[in-house]
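Listed below, chain by chain, are the residues.
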Amino acid sequence: MNSIRKINMKKLILPLIMLGMPGLLNAATAATELEGGFKIGPAIILITILCVFVMVGVIFRAKDTTDFYAAGRSISRTGSGMAIASNWMSAASFLGMAALMYGSGYHGLAYVVGWTGGYVLLLILMAGQIRKYGKYTAADFIGDRYYSQSLRATGAIIAILISISYCVGQFAGIGLMFQWILGLDFTWSVIIGGAVVLTYTLISGMLGVTKNMQIQYIIIIVSFLIPLFILTFKFDYFWVLPQIGYGSVVSDITNGIPAASELMNSMGHEFAITASPEYSMPWDIATGKTFFQWMAIAFSLMIGTAGLPHVIQRFYVVPKASDARWSVVWGLFFICILYWSAPVYSAFGKILSASPEVGKLSKDAIVVYTAQLGNVHPLIVGLLAAGGVSAAFSTVSGLLVAGASAFSHDLYVKVINPEASPSKQLRMARLGTVLMAIIVTMIAMLKLALISQLVAVAFSLAGCTIFPLFLLGIWWSGSNRQGAIAGLIAGGFISLLSISYFVCDKMGISLPFSEFMTYYLGAWYFAWIGAPLAILVNILVSKITPETPIEIRKFLIEKVHS
């Protein structure tokens, strides 16, 4: 059956690509504006890849609940690694990291360190053990390990909230790229982009989504790397390996480039910049950032990565525990290719947009603007924008499936209606997907913060709630139901406190001690205190309450750590 699916997919995709090629070539001379206007070349590329995504979703659509939740546990190590990388390299990675480094220089590297370190943590502490435990979802593990239906339901609700928070940043990225390509209003761009990703996620389930992620990874990495070679070659830097050559660009930003250069950006401005030493300083006063904030962000993102439901769920799609570990290794390799490259866009963007005549550019779209200002061919810029859409789509689809699984499998089936038929479960999963998409679309339209910052809220929430439950649940058999509940309350309280101050600040509402709370419990990094507190409370309460049941401890020893 799988071989037939593959042959059919090739028969459908190859003619589509061949038909699209003349249109792409004819669009090669299309003008590419910095803002506004329908862009014919990029639009053709975008529509082509969207058709491919929907087609793959139809071919590999979920036939049953195992396909929808865990892709039939049939994905290979390398394929799972590509899917992990694609699922991970969201709009926050593709667009947001360069945006942060463009705006705050070295400080933005905290996100690179935190997100990369999180996968190392997963590899060492959790990947194999999570697969050996053998559940479908994060909430399923929590409910079974802590022998509590209420904790299962709470875990499902938290998983849904994390998925929504994470999705908001992705929908904002989709809206930005659709707005840039189609020349539409941001609101309509979010609605149209969200509707497309919702359609193929509803059809696909985890199986189709995972197959799409493998295709999306190739689009993401190819579209991201090609402009780097062009930019470094064109502006006479070490182009053979742009990830090394950009070090000279950072030095030029720090020391300044005089206006006598013959090199110009696409708008005719000289390749020049005044000295900006703070750009390469770890925590220069001029940036308004501190050592504490840098470390808090890196730590929060690291443990948050190890607690994200849609990341944890990827370990259930492979056949064995060893495959889960190797899929993380492959995923980390594929991720690092992009992470190593993102700073190049921020450095070139800093110089190419230095002229006051360029005007104020959206930081979240600086990757695309950098390629435009570097006079990269419009079709390649269009491919880059399509890569940004692919990055957002791959993550959103995984998040929607994770949230829908929590809604259908963990809330509806395990708590509300245990007798539900498989077809009823699928209907509820698809209903949950639609509800999540509507909520996310409404929040994304508010433009609360930068893409990466919005995503970082989800990481801190995961770090304060789900990560402690998994860490102690896997590695300490003494952690019991009472300890889990107490730890979850402690981590949840810190999360609620931080997010409340963040939302009130955005709404113009002043709360007591606002400056203190914003600095020490920032919405991007409150897990630095919330996670350790949740772990400590869990341990203390577990010590003074009844022991974990013997069957749970026996299962951990014989099955999970054997």
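Source: prediction; values computed, not measured.

Procedures and definitions
- Residues numbered from 1 in each chain as written.
- Predicted model: local features only at pLDDT ≥ 70, side-chain atom pairs only at ≥ 80, totals over all residues.
- Heavy atoms only, no water.
- Helix = DSSP H or I, 4+ residues; strand = E, 2+ residues; numbered from the N terminus.
- Expected span 1.5 Å × (residues − 1).
- Buried < 20%, exposed > 50% of the residue type's maximum accessible area, 1.4 Å probe, protein only.
- Phe/Tyr/Trp six-rings, centres within 6.5 Å; stacked < 30°, edge-to-face > 60°.
- Lys NZ or Arg CZ within 6 Å of the ring centre and 35° of its normal.
- Core = buried A, V, L, I, M, F, W, Y, C linked by side-chain atoms within 4.5 Å.
- Contact = heavy atoms within 4.5 Å.
- Salt bridge = Lys/Arg side-chain N within 4 Å of Asp/Glu carboxyl O.
- Axes fitted to C-alpha atoms, helices over the stretch in contact; angles between N-to-C directions.
- Nonpolar A, V, L, I, M, F, W, Y, C, P; charged D, E, K, R; others polar.
- pLDDT = per-residue confidence, 0-100.
- Polar contact = N/O pair within 3.5 Å; in protein donor to acceptor, adjacent residues only side chain to side chain.

1. Observations regarding helix H18 (residues 422–444)
Note on helix geometry: an α-helix contains 3.6 residues per turn, so any two residues three or four positions apart are oriented the same way.
Alright, step 1. Compared with the 33 Å implied by 1.5 Å per residue over 23 residues, the 33 Å span of H18 between its first and last C-alpha is a close match.
Alright, step 2. Gln425, Leu426, Met428, Ala429, Gly432, Thr433, Met436, Ala437, Val440, Thr441 and Ala444 are the residues of H18 that are buried.

2. Topic: helix H17 (residues 378–416)
Alright, step 1. Here H17 is 39 residues long and its end C-alpha atoms lie 53 Å apart, about the 57 Å a rise of 1.5 Å per residue gives.
Alright, step 2. Most of H17 is tucked away: 33 of the 39 residues are buried.

3. Some remarks on the packing of aromatic side chains
Alright, step 1. Counted under the stated rule, the structure contains 21 aromatic pairs.
Alright, step 2. A ring pair is formed by Phe333 and Phe334, whose centres lie 5.4 Å apart and whose planes are at 55°; its orientation type is tilted.
Alright, step 3. For Phe333, a relative accessible area of 47% puts it in the partly exposed group.
Alright, step 4. Note on Phe502 and Trp524: the rings are 5.3 Å apart at their centroids and 70° apart in plane angle, and the pair reads as edge-to-face. Linking Phe502 in helix H20 (residues 481–506) with Trp524 in the loop between helix H21 (514–520) and helix H22 (527–543), this pair joins segments that are 22 residues apart in sequence. Exposure class is identical for Phe502 and Trp524. Each is buried.
Alright, step 5. Sitting over the ring of Tyr146, Arg145 keeps its end group 4.9 Å from the ring centre.
Alright, step 6. Lying over the aromatic face of Tyr102, Lys350 brings its terminal NZ or CZ to 5.5 Å of the ring centre.

4. Examining unusual backbone geometry
Alright, step 1. Its identity is not glycine, yet Tyr147 carries a phi of approximately 40°, on the positive side.
Alright, step 2. Within the secondary structure, Tyr147 is located in the loop between helix H8 (138–145) and helix H9 (149–182).

5. Looking at the nonpolar core
Alright, step 1. Judged by nonpolar contacts, the single largest core of 161 residues is most densely connected at Trp88, Trp115 and Phe470.
Alright, step 2. Tallying contributions element by element places H9 first for this core, with 20 residues.
Alright, step 3. Non-local contacts of Trp88, meaning those with residues more than four positions away in its chain, are made with Ser93, Trp115, Tyr119, Tyr166, Thr305, Leu308, Val311, Ile335, Tyr339, Thr395 and Phe459.
Alright, step 4. Formed by five residues, the second largest nonpolar core is a distinct cluster that contains Val52, Val56, Ile59 and Phe60.

6. Overview of the pattern of salt bridges
Alright, step 1. Scanning all chains against the criterion turns up two salt bridges.
Alright, step 2. In this structure, the salt-bridge partner of Asp140 is Arg152, at a minimum N-O distance of 2.6 Å. Taken together, the residues span a long stretch of sequence, with Asp140 in helix H8 and Arg152 in helix H9 at a distance of twelve residues.
Alright, step 3. The salt bridge involving Glu547 is made with Arg553; its shortest N-O contact spans 3.3 Å.
Alright, step 4. The partly exposed category is assigned to Arg553, whose relative accessible area is 24%.

7. Section: the packing of helix H5 (residues 91–104) against helix H6 (residues 109–125)
Alright, step 1. Two elements in contact, H5 and H6, have axes separated by 8 Å at closest approach and are oriented at 145°. Counting all contacts with H5, which are made through Ala92, Met97, Leu100 and Met101, the residues of H6 involved are Leu109, Tyr111, Val112 and Trp115.
Alright, step 2. Considering only residue class, the contact of H5 with H6 consists of eight nonpolar, no polar and no charged.

8. Overview of the confidence of the model for the protein
Alright, step 1. In the predicted model, the protein carries a mean pLDDT of 80, and 85% of its residues have values of at least 70.
Alright, step 2. The low-confidence segment residues 1–32, where pLDDT is below 50, has 38 contacts with residues more than four positions distant or belonging to other chains.
Alright, step 3. For residues 69–74, every residue scores under 50 in pLDDT, and the model assigns this stretch 29 contacts once sequence neighbours within four places are set aside.

9. Details of the environment of Ile494
Alright, step 1. Mapping Ile494 onto the fold places it in helix H20.
Alright, step 2. Given the relative accessible area of 9%, Ile494 is considered buried.
Alright, step 3. Taking the C-alpha atoms as reference points, Ile494 and Ala527, 33 residues apart in sequence, are found 8.1 Å from one another.
Alright, step 4. The contact partners of Ile494, leaving out residues within four places of it in the chain, are Leu521, Phe526, Ile529, Gly530 and Leu533.

10. Remarks on the side chain of Ser479
Alright, step 1. Relative to the elements of secondary structure, Ser479 occurs in the loop between helix H19 (451–475) and H20.
Alright, step 2. A residue is classified by how much of its surface remains accessible, and Ser479, at 0% relative accessible area, is buried.
Alright, step 3. Only 3.5 Å separates the side chain of Ser479 from the side chain of Tyr146, close enough to count as a polar contact.
Alright, step 4. If sequence neighbours within four positions are ignored, Ser479 has contacts with Arg145, Tyr146, Leu472, Asn538, Ser542 and Thr548.

11. Some words on the environment of Lys39
Alright, step 1. Secondary-structure assignment places Lys39 in the loop between helix H1 (2–26) and helix H2 (40–59).
Alright, step 2. In sequence terms Lys39 and Gly382 are 343 residues apart; their C-alpha atoms lie 8.4 Å from each other.

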